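Overview (structure and organization)
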Amino acid sequence: MGSVGTRPWAGQERTRTDRLTRRQAMGTLVGEAAASPLKRTMGVAQLTLLSVGATLGTGIFVVLGQAVPQAGPAIVVSFVLAGVTALFSALSYAELAGMIPGSGSSYSYAYATLGELVAWVCGWCLILEYGVSVAAVAVGWGQYVNELLNLVFGVTLPDSLSAPPGAGSVLNVPAALIVVLAMVVLLRGAKESAVANTVMVAVKIAALVLFCAVAFTAFRAGNFHPLFPLGAAGMSAGAASLFFSYIGFDAASTAGEEARNPQRDLPRAIILSLVLVTALYVLVAVAALGAMPWKQFAGTEATLSEVLVRSVGGGNLWPILLSVGAVVATTSVVLTVQYGQIRILFAMSRDGLVPPLFSRVHPRTGVPRANTVIVSSFIAVLAALVPLGSLADATSIGTLFAFMLVNLAVVLLRRRSPGAPRSFRVPFSPFTPLLGVGFCVYMLGSLGTDTWVAFGTWMAAGLVIYGLYGIRHSKLDRQEPA
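What this report covers is the structure whose coordinates are included nearby. Because the structure is a prediction, the values reported are computed rather than measured. (Residues numbered from 1 in each chain as written. Predicted model: local features only at pLDDT ≥ 70, side-chain atom pairs only at ≥ 80, totals over all residues. Heavy atoms only, no water.)

Side note on the overall build of the protein
- Helix and strand content of the protein: 18 helices and zero strands.
- Buried positions account for 59% of the 482 residues belonging to the protein.
- For the protein, the share of sequence-separated contacts (at least 6 apart) that also reach a separation of at least 24 residues comes to 83%. (Helix = DSSP H or I, 4+ residues; strand = E, 2+ residues; numbered from the N terminus. Buried < 20%, exposed > 50% of the residue type's maximum accessible area, 1.4 Å probe, protein only. Contact = heavy atoms within 4.5 Å.)

Shown next, in the form of structure tokens:
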């Protein structure tokens, strides 16, 4: 096949096939992570809070109002189903993050196990997952800002400039604004971003605990009867939509090159964050459904605030405090998921699959500056122009595909590299990761036809880009396959 340093694929009959299946050596990935120009500033607490910051708030503050009409009171079970699905994948992420502590997350794991083409597909799914979810949460941020302005000052921004596109607006200015503000924070450096995220996570946990305490004063058990008014299909559809809420836990894995002890701390952060977030999601959903009948959730925007206004009473104090928490919560999600998106492209660029501009690091801040500006600008445009529902469903399908590949990667690495060092091991493998694959497939089947068409279009565009650029510039084109 040729020697290292030459172009071993020239003149070979199986050029195309060999290129598509070539794999990154795990030792190479670990070595690149160890020599990374990114600054190692995060411990297990910061990594856990990064993961919580990217996860907690999205489904509760933004998507709950759209998901409850799909499932009724069974939305509580939907959260559990989505959480269990995420847990199987989280265990797989924890094992692989301890073995390959780089910035590429599931993209890098797929590259080491399933080959370059599958890695590209996974990375392209992650770009959809992270980038579109930031835009979706930014849309929700604008809704809560409007709610807060209305509660405090009795005024709102004009619908033409602040409503989600398709709901009376052409351009969502607040949604674009929060993405730009997050970009400014990210450009300052990972340490500064982590400090800002820590403060915001504390505020949003306090806000959700406050909501539960107040909402339970209006709790009515009859609101949960019948539990499955729309059947098991409704519960599954709600879980598929809410899976959008669980994408954040894997954000910790994108910080592998900025963690002080990634092999030890990444698995801990991933598992801790998912358990904490799932518990809070279920608690808040129970409180919300207990305080307000499920049919009244249809059409709500700042959902939790409206629950307090309609069901609890007591003036505007509680809704104001909750809306402040919601604005902070969604800000934290925008910041941390945007961070993860940038690190994914950093890893893909270093591998040659996207232009080198995305892996250039500023010497003073240790931040991929051009990458940050380009990604943030794209997301800001997306948030300003695309409706929330379309964004949430597109994120769910990209997430489920990426998680499915991570579970498969664990099974393959156990067979190919059984003796490789593992700081965490998925229990009962291969049964557990294969269950994770099964849950992902089940929830993918619950997504609508429009979502699949949009996803197919996205993947077709990605394959064209890979064929025109990635396959020709891959750094493995000058090496023997792993």
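A word on the packing of helix H14 (residues 317–350) against helix H15 (residues 369–385)
- With their axes 10 Å apart at the nearest point, H14 and H15 run at an angle of 125° to one another. In terms of their interaxial angle, H14 and H15 are classed as oblique. For the crossing formed where H14 meets H15, the hand is right-handed. For the pair H14 and H15, contact is made by Gln338, Gln341, Ile342, Leu345 and Phe346 and by Asn371, Thr372, Val375, Ser376 and Ile379, respectively.
- The residue inventory of the contact of H14 with H15, partitioned by class, reads five nonpolar, five polar and no charged. (Axes fitted to C-alpha atoms, helices over the stretch in contact; angles between N-to-C directions. Parallel < 35°, antiparallel > 145°, perpendicular 65-115°, else oblique. Left-handed = near helix turned anticlockwise from the far one by under 90°. Nonpolar A, V, L, I, M, F, W, Y, C, P; charged D, E, K, R; others polar.)

With respect to the side chain of Arg343
- Within the secondary structure layout, Arg343 lies in helix H14.
- Judged by relative accessible area, which is 2%, Arg343 ranks as buried.
- There is a polar contact of 3.0 Å between the side chain of Arg343 and the side chain of Glu258. (Polar contact = N/O pair within 3.5 Å; in protein donor to acceptor, adjacent residues only side chain to side chain.)

Considerations on the packing of aromatic side chains
- The final tally for this structure, using the stated rule, is 13 aromatic pairs.
- When the ring of Tyr93 is compared with that of Tyr109, the centres are 6.1 Å apart and the planes differ by 70°; the resulting orientation is edge-to-face. Placement of the pair is Tyr93 in helix H5 (residues 75–99) and Tyr109 in helix H6 (residues 106–113), with a sequence separation of 16 residues. Accessibility classification places Tyr93 together with Tyr109 in one group, the buried group.
- Through successive ring pairs, a cluster of aromatic residues spans Trp120, Trp124, Trp458 and Tyr466. (Phe/Tyr/Trp six-rings, centres within 6.5 Å; stacked < 30°, edge-to-face > 60°.)

Description of the pattern of salt bridges
- This model, assessed by the stated rule, comprises six salt bridges.
- Here Arg343 makes a salt bridge to Glu258, at a shortest N to O gap of 3.0 Å. One end of the pair, Arg343, is in helix H14; the other, Glu258, is in the loop between helix H11 (231–242) and helix H12 (262–291), and 85 residues separate them in sequence.
- Across the pair Lys475 and Asp351 runs a salt bridge, and its minimum N-O distance is 3.6 Å. Here the residue Lys475 occupies a position in the segment after helix H18 (449–473), and Asp351 occupies one in the loop between H14 and H15, the gap between them amounting to 124 residues. Just as Lys475 is buried, Asp351 falls in that class too.
- Overlapping salt bridges bring together Glu95, Arg414 and Arg422 as one network. (Salt bridge = Lys/Arg side-chain N within 4 Å of Asp/Glu carboxyl O.)

As for empty space enclosed by the protein
- Under the criterion given, the structure shown has two cavities of 30 Å³ or more.
- Along the walls of the largest cavity sit Met42, Gln46, Leu50, Leu186, Ala190, Ser193, Ala194, Asn197, Leu335, Thr336 and Tyr339, which together make up its complete lining.
- Secondary-structure elements contributing two or more residues to the lining of the largest cavity are helix H3 (44–55), helix H10 (190–215) and H14.
- In this model, the second largest cavity occupies a volume close to 70 Å³.
- As for the second largest cavity, its lining consists of 13 residues, and the residues nearest its centre are Leu29, Glu32, Ser108, Glu257 and Arg350.
- Broken down by element, the lining of the second largest cavity gets its largest block of residues, three residues, from helix H2 (residues 26–34).
- A per-class count over the lining of the second largest cavity returns five nonpolar, four polar and four charged. (1 Å grid on protein atoms, 1.4 Å probe; cavity = no way out; pocket = protein on both sides within 12 Å on 5 of 7 lines; lining within 4 Å. Points joined across faces, edges and corners; volume = space filled by probe spheres on them.)

Topic: the nonpolar core
- Within the largest apolar cluster, 147 residues are counted, with the highest numbers of intra-cluster contacts made by Ile75, Phe79, Phe211 and Leu304.
- In terms of residue count, the dominant contributor to this core is helix H7 (residues 116–153) (19 residues).
- Here Phe211 is in contact with Val284, Ala287, Ala288, Leu304, Val307, Leu308 and Leu322, once residues within four sequence places are set aside. (Core = buried A, V, L, I, M, F, W, Y, C linked by side-chain atoms within 4.5 Å.)

Regarding the packing of H10 against helix H13 (residues 303–311)
- The contact between H10 and H13 brings their axes to 11 Å, and the two run at 25°. In terms of their interaxial angle, H10 and H13 are classed as roughly parallel. Seen along the crossing, H10 lies across H13 with a hand that is left-handed. Packed against H10, whose contacting residues are Leu208, Phe211, Val214 and Ala215, the element H13 presents Leu304, Val307 and Leu308 at the interface.
- In terms of residue class, the contact of H10 with H13 is built from seven nonpolar, no polar and no charged.

Description of H11
- Look at H11: 17 Å from first C-alpha to last across twelve residues, which is about the 16 Å you get at 1.5 Å a residue.
- Inspection of H11 places Gly234, Met235, Ser236, Ala237, Gly238, Ala239, Ala240, Ser241 and Leu242 among the buried residues, and these make up the whole buried set. (Expected span 1.5 Å × (residues − 1).)

Structural notes on H3
- Helix length check: H3, at twelve residues, gives a terminal C-alpha distance of 17 Å against a target of 16 Å (1.5 Å per residue), a fit within 8%.
- Those residues of H3 lying buried are Leu47, Thr48, Leu50, Ser51, Val52, Gly53, Ala54 and Thr55.

Concerning the environment of Ala176
- Looking at the element boundaries, Ala176 is found in helix H9 (residues 173–186).
- Its relative accessible area of 18% is what places Ala176 among the buried residues.
- Each C-alpha atom, one on Ala176 and one on Val139, is 8.2 Å from the other, the two residues being 37 residues apart in sequence.
- Discounting residues that sit within four places of it in the chain, Ala176 has contacts with Ala380, Ala383 and Ala384.

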